[in-house]
There are 2 protein chains.
Amino acid sequence: MKITAVIMAGGKGERFWPKSRSSYPKQFLSLTSDGETMIQKTIKRLLPIVDTEDIFIVTNENYVPLINEQLPDIPSENILAEPVARNTAPCIALAAAVISKKYNEDAVMMVLPSDHLIKYDELYTDTMRHAVKVAMKGENLVTVGITPTYPETGYGYIKFCSAADEDMAGVYKVDKFVEKPCRETAKEYLNSGRYLWNSGMFVWKVSSIMNNFKKFLPDMYEGYLRMRETALTGSFRETLAECFENFRSESIDFGIMEKAENIYTLSGSFGWDDVGSWLALEKINKTDECGNYVSGDVISIDTNRSIICGNKKLIAALGVEDIIIVDTDDAMLICSKEHTQQVKKVIETLKTCNRRDLI
Amino acid sequence: MKITAVIMAGGKGERFWPKSRSSYPKQFLSLTSDGETMIQKTIKRLLPIVDTEDIFIVTNENYVPLINEQLPDIPSENILAEPVARNTAPCIALAAAVISKKYNEDAVMMVLPSDHLIKYDELYTDTMRHAVKVAMKGENLVTVGITPTYPETGYGYIKFCSAADEDMAGVYKVDKFVEKPCRETAKEYLNSGRYLWNSGMFVWKVSSIMNNFKKFLPDMYEGYLRMRETALTGSFRETLAECFENFRSESIDFGIMEKAENIYTLSGSFGWDDVGSWLALEKINKTDECGNYVSGDVISIDTNRSIICGNKKLIAALGVEDIIIVDTDDAMLICSKEHTQQVKKVIETLKTCNRRDLI
């Protein structure tokens, strides 16, 4: 059976402004000291389990040049540009169409975000190999859960029930998906031992997921069939435009996962972080003895628990706490940690002021 | 009787880093929206009471080009460069030597800082005219006090006793000078009605102050006599170097004012501020409805009581409070309001790191 990977790389990543811009979102940034971008890391860690020519990247047309630049080994026909963003369900249908045309509906798809971070690559590939086996076993939809290490309120959770069966050790039937909890609930989830973080990584055969599209999203299934017909031909682009024009915006979680049967999960413990805001930098990088994460030319005095990303000039931080400072060539953010989820407000203000050059 | 002004412009102004540098201290900066520098404002407000050729500027040799540039009307022989900084007493002796040589010991000197701000120029000139009259009247040393408007803990205070006499309405004999008080004491001072802020502005005849030098700082008085001998001649520079080499560092406050008789004060109410730290910007400029003082290209969201000075790039402040942000071409300060008196720590760190280009 063919194993493929589908990398979802259409995200705008507004939460990393001013480093991320609409023309240069988070997946194309390097947020670690090794200089590799998020999407480069995503691809690199997959290579032990999937061939380069079987990695497909679904993205926005505007980002195709960036992908060519950062990932020159990915065949250009594997870069699938959506005419318009319609959330994850249409994105997956598009990739499924191309893969089933190129191979067949038995091919396994690992569907993966392009902008998450993983600390332990080997544990990751082990987990993914396991997930692929479960996916191959039948009409299973496998969602990769993450063993929670603290009561995070920024993630969705997966509640699992009993172990699947003897043949599938470490694999659990999913009871339900739950939204981002409040602090108290998150603590309960953590203590119960029955919940995993929802990583947004999925593994299934094309047939498994498309049968569920047929059942729960029949319009999109029609689109899938049409796209599959013209995939890898000259008229694909046109079909794509027509299909996406008609697709409504729909997430795979809401459209399929919360409704389907045969959902399994396995618990990954590979140091995963969704890098959802500037706060992630202090989780994924080393901090100094005052709890500061600092990069670039920075002097910090009486400064604690802060994230400071310098650019070309010296930044002197004096007596500040729990603050985020990010300098770039044309814009600088100074933000309290409590407001990291509101960086979008800056972008909205910039839109209002018609400062599109800075968005 | 000749009326002269002596502007003390040798200060380093480290508290305004990164805008102020050792090569460009506070008195040469513009901190208000009108674009005039502190020293330009100081000179301008004096013109109704003193002729340009009677304004003397005592400064550091390195700042002479800046003074020529910012104050082209001041005769170059009136710019008195100290070979080395020795605090205010030697600075005043030097100016006194030149003035008494050029005119005589009856000449009145208004001794003034170069980097303070005054809101109401007319009230200021009225007060200074009054002070000059008192100084002319005898061997009086006049210190200009400021009617306190709130319990400031960052200023020294002057305690005054009874009104001088009928001829000198509004003039008070000084009881004593007191150091920067704690909050509680400052409140008591304010409520008592017997205390004024010590502005560091003095008015006296050359003879009045030099007789006190003779009494309390006899070594410096000797230096004064030597400097006066060669003042306005070719060998002045050499004498100056010798005298300053021998002078110890001494403030006029400690060396003379706290010991002398005949100290008078009058209470100015002309909107004075010593602009002692970045905090002054919100006192001397208009703030927005959230209490922020903002200059340059700045977006502030959920941001309160902050001082933000942009430079060439956009600064977006999100969810921060009581913070000071100052951007310049090569360095940026982000500082809590509580730490404004510790900006020198940054300069010390820069010295330690041998980053002299940024000091």
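Conventions we followed
- Residues numbered from 1 in each chain as written.
- Chains lettered and ligands numbered in written order.
- Predicted model: local features only at pLDDT ≥ 70, side-chain atom pairs only at ≥ 80, totals over all residues.
- Heavy atoms only, no water.
- Helix = DSSP H or I, 4+ residues; strand = E, 2+ residues; numbered from the N terminus.
- Rg over C-alpha atoms; globule rule 2.2 N^0.38 Å.
- Buried < 20%, exposed > 50% of the residue type's maximum accessible area, 1.4 Å probe, protein only.
- Pairing = 2+ DSSP bridges.
- 1 Å grid on protein atoms, 1.4 Å probe; cavity = no way out; pocket = protein on both sides within 12 Å on 5 of 7 lines; lining within 4 Å.
- Points joined across faces, edges and corners; volume = space filled by probe spheres on them.
- Nonpolar A, V, L, I, M, F, W, Y, C, P; charged D, E, K, R; others polar.
- Least-squares fit on C-alpha atoms with pLDDT ≥ 70 in both.
- Contact = heavy atoms within 4.5 Å.
- Salt bridge = Lys/Arg side-chain N within 4 Å of Asp/Glu carboxyl O.
- Axes fitted to C-alpha atoms, helices over the stretch in contact; angles between N-to-C directions.
- pLDDT = per-residue confidence, 0-100.
- Expected span 1.5 Å × (residues − 1).
- Polar contact = N/O pair within 3.5 Å; in protein donor to acceptor, adjacent residues only side chain to side chain.
- Buried area = accessible area lost by both parts, 1.4 Å probe.
- Phe/Tyr/Trp six-rings, centres within 6.5 Å; stacked < 30°, edge-to-face > 60°.

Asker: Summarise the overall build of chain A; cite the residues concerned and give the values.
Answerer: In terms of regular secondary structure, chain A is built from eleven helices and 17 strands. Taking 359 residues into account, the globule formula puts the C-alpha radius of gyration at 21 Å, and chain A, at 21 Å, falls close to it. Taken along its principal axes, the extent of the C-alpha atoms in chain A is 60 × 50 × 35 Å. Among the 359 residues that make up chain A, the fraction classed as buried is 56%.

Asker: Help me get a handle on the pairing of strand β6 (residues 141–146) of chain B, residues and values and all.
Answerer: Residue and element names in this part refer to chain B. Burial within β6 is extensive, with six of its six residues counted as buried. Burial of the side chains of β6 extends over both faces: L141, T143 and G145 are buried on one face and V142, V144 and I146 on the other. Of the strand pairs in this sheet, β6 and strand β10 (residues 263–268) are connected by six bridges, and their pairing is parallel. Bridge assignment links V144 to a residue of β10, and that residue is L266. With five bridges connecting them, β6 and strand β9 (residues 195–205) associate as antiparallel partners.

Asker: Provide a residue-level description of empty space enclosed by the protein, including the pertinent values.
Answerer: Rolling a probe over the atoms, with the probe sized like a water molecule, indicates the empty space that remains. All names here are of chain A. Under the counting rule described, the total for this entry stands at two cavities of 30 Å³ or more. Partitioning the lining of the largest cavity into residue classes produces five nonpolar, two polar and one charged. Here the second largest cavity is characterised by a volume of approximately 30 Å³. Around the second largest cavity, the lining residues are T42, R45, L112, P113, H116, I118, Y124 and M201.

Asker: Explain the relation of the copies chain B and chain A to me, using residue names and the numbers behind them.
Answerer: Screw-axis analysis of chain B against chain A gives a translation of 0.0 Å along the axis, an RMSD of 0.1 Å, and a rotation angle of 180°. Taken together, the rotation and translation describe the operation of a two-fold axis. The position closest to the rotation axis in chain B is occupied by the C-alpha of I334 of chain B, lying 4.4 Å away. Here 100% of the contact residues of chain B are again contact residues in chain A; the copies associate through an equivalent surface.

Asker: Can you break down the environment of Y124 of chain B residue by residue, with the values?
Answerer: Residues and elements named next belong to chain B. Assignment of secondary structure puts Y124 in helix α4 (residues 121–136). For Y124, a relative accessible area of 1% gives the class buried. Separated by 144 residues in the primary sequence, Y124 and G268 have C-alpha atoms spaced 7.2 Å apart. What Y124 contacts, discounting residues up to four positions off in sequence, is R45, L46, L112, I118, M201 and F270.

Asker: Which residues make up the pattern of salt bridges, and what are the values?
Answerer: Residue and element names in this part refer to chain A. Counted under the stated rule, the structure contains 50 salt bridges over all chains. Here R228 and E105 are joined by a salt bridge, their closest N and O atoms 3.2 Å apart. Taken as a pair, R228 in helix α7 (residues 218–230) and E105 in the loop between α3 (88–102) and β4 (108–113) lie far apart in primary sequence, 123 residues in all. Since its relative accessible area comes to 25%, R228 is described here as partly exposed. Judged by relative accessible area, E105 falls into the partly exposed class, the value being 26%. Note that R226 is salt-bridged to E242, the shortest N-O span being 2.5 Å. In this pair, R226 sits in helix α7 while E242 sits in helix α8 (residues 236–246), placing the two residues 16 residues apart along the sequence. Classification of R226 as partly exposed rests on a relative accessible area of 37%. Judged by relative accessible area, which is 36%, E242 ranks as partly exposed.

Asker: Can you explain the sheet that holds strand β13 (residues 298–301) of chain B? Please cite residues and give values.
Answerer: Read from one edge to the other, the open sheet built from six strands follows the order β12(A)-β14(A)-β16(A)-β17(A)-β15(B)-β13(B), with strand pairing classed as mixed. Among the strands making up the open sheet, the edge pair consists of β12 (293–295) of chain A together with β13 of chain B. Across this sheet, the average inter-strand angle for adjacent strands is 5°, counted without regard to direction. As paired elements, β13 of chain B and strand β15 (residues 314–318) of chain B share four bridges and run parallel to each other. By the bridge assignment, I299 of chain B is partnered in β15 of chain B with A316 of chain B. Along the sheet, helix α11 (residues 343–352) of chain A makes contact with β17 (331–336) of chain A together with β13 and β15 of chain B, crossing β13 of chain B at roughly 130°.

Asker: Now, about the confidence of the model for chain A: what can you tell me, with residues and values included?
Answerer: In the predicted model, chain A carries a mean pLDDT of 95, and 99% of its residues have values of at least 70. This prediction of the complex comes with two scores: 0.87 for pTM and 0.86 for ipTM.

Asker: How would you sum up α4 of chain B? Please name residues and give values.
Answerer: Between its terminal C-alpha atoms α4 of chain B stretches 22 Å, which fits the 22 Å expected from 16 residues at 1.5 Å a residue. Restricting attention to buried positions, one finds in α4 of chain B the residues Y124, T125, T127, M128, A131, V132, V134 and A135 of chain B.

Asker: Go over the sheet that holds strand β12 (residues 293–295) of chain B, please, and point to the residues and values.
Answerer: The strand order across the open sheet built from six strands is β13(A)-β15(A)-β17(B)-β16(B)-β14(B)-β12(B), with neighbouring strands paired in mixed fashion. Single-partner strands in this sheet number two, and they are β13 (298–301) of chain A together with β12 of chain B. Here the strands of the sheet are splayed against their neighbours by 5° on average, with no regard to which way each runs. Where strand β14 (residues 307–309) of chain B meets strand β16 (residues 323–327) of chain B, three bridges bridge the pair, whose relative direction is parallel. The partner of I308 of chain B across the bridge, within β16 of chain B, is I325 of chain B.

Asker: Got a sec to walk through the side chain of H116 of chain A? Specific residues and values, please.
Answerer: Following the sequence through the fold, H116 of chain A ends up in the loop between β4 and β5 (117–118). At a separation of 3.1 Å, a polar atom in the side chain of H116 of chain A contacts the side chain of W272 of chain A.

Asker: Can you tell me about the interface of chain B and chain A, naming the residues and giving the values?
Answerer: With 34 residues of chain B at the contact, the number on the chain A side is 34 residues. Of the roughly 2700 Å² buried between chain B and chain A, counting both surfaces, carbon and sulfur atoms make up 66%. Sorting the residues of chain B by area buried against chain A places K313, L318 and I334 of chain B first, and these three jointly supply 25% of that buried surface. Remark: the boundary between chain B and chain A carries six salt bridges. Of the charged contacts in the structure, one is a salt bridge between D297 of chain A and R355 of chain B, with a shortest N-O distance of 2.6 Å. The interface formed by chain B and chain A holds 22 residue pairs in polar contact (both at pLDDT 80 or more) in total.

Asker: Provide a residue-level description of the packing of aromatic side chains, including the pertinent values.
Answerer: The description of an aromatic ring pair uses the distance of the two centres, along with the angle that the planes make with each other. All names here are of chain B. By the definition in use, this model includes 27 aromatic pairs over all chains. Judged by centre distance (5.2 Å) and plane angle (90°), the ring pair of Y124 and F270 falls under edge-to-face. On the criterion of sequence distance, the pair formed by Y124 in helix α4 and F270 in the loop between β10 and β11 (272–273) is long-range, its members being 146 residues apart. Side by side, Y124 and F270 carry an identical accessibility label, which is buried. Ring geometry for Y155 and W197: centres 5.0 Å apart, planes at 70°, overall edge-to-face.

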